[in-house]
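Coordinate analysis (summary)
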Amino acid sequence: MTDTRRRVKVYTLNEDRQWDDRGTGHVSSGYVERLKGMSLLVRAESDGSLLLESKINPNTAYQKQQVNFLKEFCAFSQTLQPQNRDAFFKTLSNMGILPALEVILGMDDTQVRSAATDIFSYLVEYNPSMVREFVMQEAQQNDDVSKKLTEQKITSKDILLINLIIEHMICDTDPELGGAVQLMGLLRTLVDPENMLATANKTEKTEFLGFFYKHCMHVLTAPLLANTTEDKPSKDDFQTAQLLALVLELLTFCVEHHTYHIKNYIINKDILRRVLVLMASKHAFLALCALRFKRKIIGLKDEFYNRYIMKSFLFEPVVKAFLNNGSRYNLMNSAIIEMFEFIRVEDIKSLTAHVIENYWKALEDVDYVQTFKGLKLRFEQQRERQDNPKLDSMRSILRNHRYRRDARTLEDEEEMWFNTDEDDMEDGEAVVSPSDKTKNDDDIMDPISKFMERKKLKESEEKEVLLKTNLSGRQSPSFKLSLSSGTKTNLTSQSSATNLPGSPGSPGSPGSPGSPGSVPKNTSQTAAITTKGGLVGLVDYPDDDEDDDEDEDKEDTLPLSKKAKFDS
């Protein structure tokens, strides 16, 4: 007998249902002839007397207690610091927790399997790569064993940890499939490429997905293939429908995240045709899951999938379900219309032609949406382009070159546009974009020549007025209004003639404010901004005072003799 010298406290339950303290002792295990089996022994610490002797029975609750204890230990590890939690799970992995879980999951006790599933979920959440590496090594070992047995003409059945998880998901007896939902989430985490590692030497995604589609996918799709051998589901009860919905959800995830492997599997095993059999289910959620699976495939816009769909006429179950639904406005109706609308908007030519050529007679009476008429129009446009390839090429030329201009011309026009000030435009003048100014040279030069003539005429009239004012000896305004259209903004002050000695307005002239005998007088000084487009005032006065201000400006700019006449 082996004594492990582990110190324990022993309590026994008396007749009054109370616990009696039997003392402290050391626990050991060994074979007892009287009990005919391995037994648990506890001897007193003081005198070595036997405190407890119990035969270890495999059918007792010891294993269940151990699994539950390990489950609680894993749950407690979530409260540890990251480095301590890493050390804990690495220790479990080194001690062989995954092979032990594989043995426990093969037991018949549902409570033990449930606890083992919880432990497995902690491991997957902690490090899915560790679990993937274990199952791939296990598969490699099984393959080596299978080769040897094949040479000896002996058949063997692969029992893999991941296949046990799939089988427990499929065989869940819970009416609500609570355990199946949990296991499906674990499988989804394991096949998710987002958490797979990629190194210089190997790619986990390629290796694991190759393993999964070779060893596990047939186990996952087994209930789907078994229930869709005919035109309608063989079993259509609620629990079966829930299970198939879970399988379809995982397959839809694979379509979205796995490209090469799932495509080959679907086409080679004719999975989509089997899935569309579920469109005839009496459970709407299962029919919608099947429709979602097809919609995910069409959304990839992959011609391999499209040719497979057209070759097998896989729109027929969808159209049949749409017609059977009638005019009811429900989720099935909206989902089917949205799928055809996607084909029309994305202009998937092969599927558009297939739908119109094979199902237009069944869909032409649907007029409460324009989706199917739009598909028909797309189809006719395709036909027109195929019949008249020259017309199609001409349309593309016109579409590409109708509004095309030289890039350098565009740059010059943009420079002119941004250099032009908003103040250059007169009131009521329309804003013309640079693209509208690209006209012939004759059309452009004619308005310019007219503008230059008007400009010269105004400048000559201005010079005559200034000359007459200077010769008459009357005072000129302090600031004159320049009508010239220069490119820069100028404030034109007294002319050079008025600044000469003896001229009106000069410091020595009689009419100047600085000369003796002159009368100080406040004369309004008007300033103007000379810009490119015309004449714009410095101040924008309110509309009510605009007329009065114009009259005052006219009076201030008149000569003194004319002012006297107006004043009298």
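Keep in mind that what you see is a predicted model, and the values were worked out from it rather than measured.

Looking at the secondary structure, you find Arg274 in helix H13 (residues 271-276). This buried residue, Arg274, is left without a salt bridge; Asp270 holds the nearest opposite charge, at 5.9 Å. Excluding residues that lie within four positions of it along the chain, Arg274 makes contacts with Leu225, Thr228 and Thr229.

So, on to helix H11 (residues 238-257). Under the 1.5 Å per step criterion, the end-to-end length of H11 is 29 Å for 20 residues, consistent within 8% with the ideal 28 Å. Measuring from the backbone nitrogen of Gln239 back to the side-chain oxygen at the start of H11 gives 3.4 Å, which picks out Asp237 as the cap.

Axis separation between helix H3 (residues 97-105) and helix H4 (residues 110-126) bottoms out at 9 Å; the angle between their running directions is 150°. It follows from the interaxial angle that H3 and H4 lie roughly antiparallel. Where H3 crosses over H4, the two elements pack in a sense that is left-handed. Residues Ile97, Leu98, Leu101, Ile104 and Leu105 of H3 pack against Val112, Arg113, Ala116, Thr117, Ile119, Phe120 and Leu123 of H4. Residues that form the contact of H3 with H4 fall into these classes: ten nonpolar, one polar and one charged.

Considering all chains together, one arrives at twelve salt bridges under this definition. Among the salt bridges present, the one from Arg132 reaches Glu204, with a minimum N-O distance of 2.8 Å. Of the two residues, Arg132 is situated in helix H5 (residues 128-151) and Glu204 in helix H8 (residues 204-215); the sequence distance between them amounts to 72 residues. Classification of Arg132 by relative accessible area gives buried; the value is 0%. Taking the relative accessible area as the measure of exposure, Glu204 reaches 8% and is therefore buried. Of the charged contacts in the structure, one is a salt bridge between Lys263 and Asp302, with a shortest N-O distance of 2.8 Å. One end of the pair, Lys263, is in helix H12 (residues 260-269); the other, Asp302, is in the loop between helix H14 (284-299) and helix H15 (303-311), with 39 residues separating them in the sequence. Judged by its relative accessible area of 18%, Lys263 falls in the buried class. Take Asp302: its relative accessible area is 18%, and that puts it in the buried class. Here the salt bridges share partners, and the residues they tie into one network are Asp347, Lys349 and Arg378.

The predicted coordinates of low-pLDDT regions are not to be read in fine detail. Summarising the model, the protein shows a mean pLDDT of 75, and 64% of its residues fall at 70 or more. Per-residue pLDDT stays below 50 along residues 152-157; that stretch engages in three contacts with residues further than four places along the chain or on separate chains.

Our focus in this paragraph is the nonpolar core. Judged by nonpolar contacts, the single largest core of 106 residues is most densely connected at Phe120, Ile162, Phe208, Ile266, Phe315 and Phe340. With twelve residues, the single largest contributor to this core is H11. When residues no more than four places from it in sequence are discounted, the contact partners of Phe340 are Phe315, Val318, Val319, Val355, Thr371, Phe372 and Leu375. Ranked by size, the runner-up nonpolar core spans five residues in total, among them Val10, Val27, Ala44 and Leu51.

The subject of this paragraph is unusual backbone geometry. Note: most residues except glycine have negative phi, and most peptide bonds are trans. Positive phi is not limited to glycine here, since Asp270 has a value of about 55°. Along the chain, the position of Asp270 falls in the loop between H12 and H13. Phi angles above zero are rare outside glycine, and Phe313 is one such case at about 50°. Along the chain, the position of Phe313 falls in the loop between H15 and helix H16 (316-325).

Next up on the list: the packing of H11 against H14. Geometrically, a packed helix pair is captured by the angle between its two axes and the distance between the axes. Remark: H11 packs on H14, axes separated minimally by 9 Å, with the N-to-C direction vectors making an angle of 10°. As summarised for this structure, H11 and H14 are arranged roughly parallel, according to the angle between their axes. Handedness of the crossing formed by H11 with H14: left-handed. In contact with Phe238, Ala241, Gln242, Leu244, Ala245, Leu248, Leu251, Thr252, Val255 and Glu256 of H11, H14 contributes Phe285, Leu286, Cys289, Ala290, Phe293, Lys296 and Ile297.

Helix length check: H8, at twelve residues, gives a terminal C-alpha distance of 16 Å against a target of 16 Å (1.5 Å per residue), a fit within 8%. Regarding H8, the residues found buried are Glu204, Phe208, Leu209, Phe211, Phe212, Tyr213 and His215.

So, about the packing of aromatic side chains. A full pass over the atoms with the stated rule returns twelve aromatic pairs. Ring centres of Phe212 and Tyr213 lie 5.8 Å apart, and the angle between their planes is 85°; on these two criteria the pair is classed as edge-to-face. When sorted by exposure, Phe212 lands in the same class as Tyr213, which is buried. Following the ring pairs from residue to residue traces out a cluster consisting of Phe69, Phe73, Phe88, Phe89 and Tyr126. Its end group placed over the ring of Phe208, Arg132 keeps NZ or CZ at 5.7 Å from the ring centre.

Quick notes on the rules
- Residues numbered from 1 in each chain as written.
- Predicted model: local features only at pLDDT ≥ 70, side-chain atom pairs only at ≥ 80, totals over all residues.
- Heavy atoms only, no water.
- Helix = DSSP H or I, 4+ residues; strand = E, 2+ residues; numbered from the N terminus.
- Buried < 20%, exposed > 50% of the residue type's maximum accessible area, 1.4 Å probe, protein only.
- Lys, Arg positive; Asp, Glu negative; His and termini not counted.
- Salt bridge = Lys/Arg side-chain N within 4 Å of Asp/Glu carboxyl O.
- Contact = heavy atoms within 4.5 Å.
- Expected span 1.5 Å × (residues − 1).
- Polar contact = N/O pair within 3.5 Å; in protein donor to acceptor, adjacent residues only side chain to side chain.
- Axes fitted to C-alpha atoms, helices over the stretch in contact; angles between N-to-C directions.
- Parallel < 35°, antiparallel > 145°, perpendicular 65-115°, else oblique.
- Left-handed = near helix turned anticlockwise from the far one by under 90°.
- Nonpolar A, V, L, I, M, F, W, Y, C, P; charged D, E, K, R; others polar.
- pLDDT = per-residue confidence, 0-100.
- Core = buried A, V, L, I, M, F, W, Y, C linked by side-chain atoms within 4.5 Å.
- Phe/Tyr/Trp six-rings, centres within 6.5 Å; stacked < 30°, edge-to-face > 60°.
- Lys NZ or Arg CZ within 6 Å of the ring centre and 35° of its normal.

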